[in-house]
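Residue strings, one per chain:
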Amino acid sequence: MSYSPEQISIMDSIIARYPRKRSAIMPLLHFVQSISGFVTPEGIEKIAELLELSTAEVTAVSTFYTQYKPEPVGEYHVGICTNTLCAVMGGDAIFDAVSEHLGIANDETTKDGKVSLERIECNAACDYAPVVMVNWEFFDNQTIQSVKDLVDGARTGNPPAPTRGPKTLRTWKENSAVLAGLSDGLAGEGPSAGHASLLGLNLSKEGK
Amino acid sequence: MSKLSPVLSAHWDEADSFTLEGYKRHGGYNAVSKALAMTPDEVIALVKDSGLRGRGGAGFPTGMKWSFIPQGDNKAHYLVVNADESEPGTCKDMPLLMANPHVLIEGMIIASYAIRANYAFIYIRGEVVHVVRRVQQAIADAYAAGLLGKNIGGKGFDLELVLHIGAGAYICGEETALLDSLEGFRGQPRLRPPFPAIAGLYALPTVVNNVESIASVPAIIEHGNEWFQAMGTEKSKGFTLYSLSGHVKNPGQIEAPLGITLRELLELAGGVRSGHTLKFWTPGGSSTPLFTAEHLDVPLDYEGVAAAGSMLGTKALQIFDETTCVVRAVLRWTEFYKHESCGKCTPCREGTWWLVQIIRDLEAGKGTPADLDKLIDITNNIAGRSFCALADGAASPIISSIKYFRAEYEAHLTHGGCPFDPIASTIFATVGQP
Ligand SMILES: Cc1cc2nc3c(=O)[nH]c(=O)nc-3n(C[C@H](O)[C@H](O)[C@H](O)COP(=O)(O)O)c2cc1C
Ligand code: SF4
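In this text the structure is predicted, and so the values were computed from the model without any measurement. (Residues numbered from 1 in each chain as written. Chains lettered and ligands numbered in written order. Predicted model: local features only at pLDDT ≥ 70, side-chain atom pairs only at ≥ 80, totals over all residues.)

Engineer: Help me understand the nonpolar core, please; the structure alone is not making it clear to me.
Structural biologist: Soluble globular proteins tend to bury their nonpolar side chains together. All names here are of chain B. Counting residues in hydrophobic clusters, the biggest one holds 201 residues, and the most contacted among them are L79, V80, V81, M108, I110, A111 and L265. With ten residues, the top contributor of residues to this core is helix α6 (residues 101-115). Once residues lying within four places of it in the same chain are set aside, the contact partners of I110 are A31, V32, A35, V43, V217, P218 and I221. (Core = buried A, V, L, I, M, F, W, Y, C linked by C-beta atoms within 7 Å. Buried ≥ 20, exposed ≤ 12 C-beta atoms within 10 Å, placed from the backbone. Helix = DSSP H or I, 4+ residues; strand = E, 2+ residues; numbered from the N terminus. Contact = placed C-beta atoms within 7 Å.)

Given below as structure tokens:
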């Protein structure tokens, strides 16, 4: 696959954000994932060419970070937090149940290519535990049943909306473009804050 | 009088709190005008005098950090905001940025002006797409309103602000690893000195501050030091976000003056979940030594927590009740540190691997009492002997849990495995709930 002139001009605009061009390597890797779903050899070569690096230098960076995938993941990549707090609150039970439900293990994808599963680390939403991230959108306060429904919906093209996020769940590739720094115009959707974020504010309004 | 002090979180309940309009409705960006009317040195002095200390974990005085940037050196300076927020339990910066990204941008304009930086970055973790959208939009709106870019507010100050999005690596929260990552390398810590204030991003003078530290600056400029210092304790001034999670009736963010206690916070949050009792908790994330019910009245400020043998850290209060197996909890954190060890230095890379093996055996009831001493020995050989503080963090839960719960480790050996039922500690458990 070769990149279109339009895609190359987006890559040039990403490079132009930085005082030194090597800094653009991470958004460029996210951009490659937005086109191919994972970090392809062609993507590595293109980034190396644009940044005047060797492909080994680009690969060394790409393999350091867990969000860059060496293989395709599902259209809906489901990350279940199993760091201590979420695990204890139910994340371990959710992971086991959903893994069995889908018949796939950690870091595997369903045969239809729709859903992949990953045990993730703390995602900065502990007050909403157990937390599940789909394509890195927040699904707060999950249960075994809610995540089974979620993955079933995803497989039939009808995933539920994130708890704190846009009105409809975007695909892995679409969200990868946002991570490359490209706006999808959806910042205005979703709540300002979830209920747990407002705990102290509400208490103070009650005079506590 | 209310114990609480919502400043950062004051308007999060408004539907448009994250927009420029919503922020300006409550005086947003007034502090920029005020700061730009001062000299940069006056801004630094004011923030120094306020007593504001870093909210990213170490509590270093913010104004003092700014004053370390060499002046008149004719070099480019940088401000880098640390929005990597990946310390287990920590969940304050992401809701802050989701609900009010403009307060960070306003703080960054003021901080950049003070340290004479014309280029600033936000390094945000990549696993939070909706937070990224909110910050992206806020930056675009601030540029459109002339609050960023050339000649801000007609005062001759220029600032470019770039959002840099990470890709999943806890170590990139460590400030020098963050800088390497931002330069386009693998995120591995650098030897210090030189400190970032002398040789930071691209080897140029750089300030790295946490989101909450910088977001606290506009209110200080706006309301002054007397107002700020009326909150908090002698050496820990001001308001801060405490994050309660786990086995509490109502988990969430509570913004209060520094020095509040867990007893007071738990009371506000409805207590430990009903029918259960507090067993252990982290005062500031998994890298800070565990506390128990003994520590309910420790003032949660920098000195109070340190005097009791832990660290205020990120004020991430993870609460675990009596259904939770401390060995299981510590094993999972240790697996986290092993996974996130960047591999640069041997004690941490090899040591965290061994720690996981030993605790796994202990948890499965396969170890011997001598393994517990081996565990302490290895841990002490990693802490303080590694290249960066990640390894010290890895040691904290192990050493503190053995200190308070040695008998529970031993029970795994006599019981031939874990004596706890993991389902009892989930939120879907019905056991023990009235
Ligand atoms: C392993 C490790 C991870 C860290 N993660 C973060 C983080 O996610 N956010 C943060 O602000 N500081 C983090 N820190 C602390 C930073 O190195 C640095 O002290 C902080 O950003 C300084 O900001 P402050 O002075 O405003 O607190 C981490 C430190 C270590 C050792
Ligand atoms: S202590 Fe661990 S994380 Fe820090 S530099 Fe060494 S290997 Fe890397």
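Engineer: For this particular structure, what's the right way to read unusual backbone geometry?
Structural biologist: What is expected of a backbone is that most residues other than glycine have negative phi and most peptide bonds are trans. Residue and element names in this part refer to chain A. Between A129 and the following residue, P130, the backbone shows a cis peptide bond with an omega angle of -5 degrees. Summarising the element assignment, P130 is placed in the loop between β3 (115-120) and β4 (132-134). A positive phi angle, close to 60 degrees, is found at A124, a residue other than glycine. Judged by the 29 C-beta atoms lying within 10 Å of it, A124 falls in the buried class. Phi angles above zero are rare outside glycine, and W136 is one such case at about 65 degrees. Here W136 shows up in the loop between β4 and β5 (137-139).

Engineer: Which parts of the structure should I look at to understand the site of ligand 2?
Structural biologist: Residue and element names in this part refer to chain B. In the vicinity of ligand 2 lie 14 residues, with C342, C345, C348, S386 and C388 positioned nearest. Listing elements by their share of the shell around ligand 2, those giving two or more residues are α15 (346-363) and α17 (390-415). Partitioning the shell around ligand 2 into residue classes produces nine nonpolar, three polar and two charged. (Near = placed C-beta within 6 Å. Nonpolar A, V, L, I, M, F, W, Y, C, P; charged D, E, K, R; others polar.)

Engineer: Would you mind showing me how to read the site of ligand 1 here?
Structural biologist: Surrounding ligand 1, one finds 23 residues, the nearest of these being G54, G56, G173, N210 and S213 of chain B. Residues of the shell around ligand 1, tallied by class, amount to seven nonpolar, ten polar and six charged.

Engineer: Please explain the packing of helix α5 (residues 84-102) of chain A against helix α14 (residues 326-340) of chain B as it appears in this structure.
Structural biologist: Angle between the axes and distance between the axes: these two values describe a pair of packed helices. Packing of α5 of chain A against α14 of chain B brings their axes to within 8 Å, and their N-to-C directions diverge by 130 degrees. With respect to their mutual orientation, α5 of chain A and α14 of chain B come out oblique. Side by side, α5 of chain A and α14 of chain B meet where T84, A87 and V88 of chain A of the first sit next to A329, R332 and W333 of chain B of the second. In the contact of α5 of chain A with α14 of chain B, the residues fall into four nonpolar, one polar and one charged. (Axes fitted to C-alpha atoms, helices over the stretch in contact; angles between N-to-C directions. Parallel < 35°, antiparallel > 145°, perpendicular 65-115°, else oblique.)

By themselves, these are just geometric observations and shouldn't be taken as functional.
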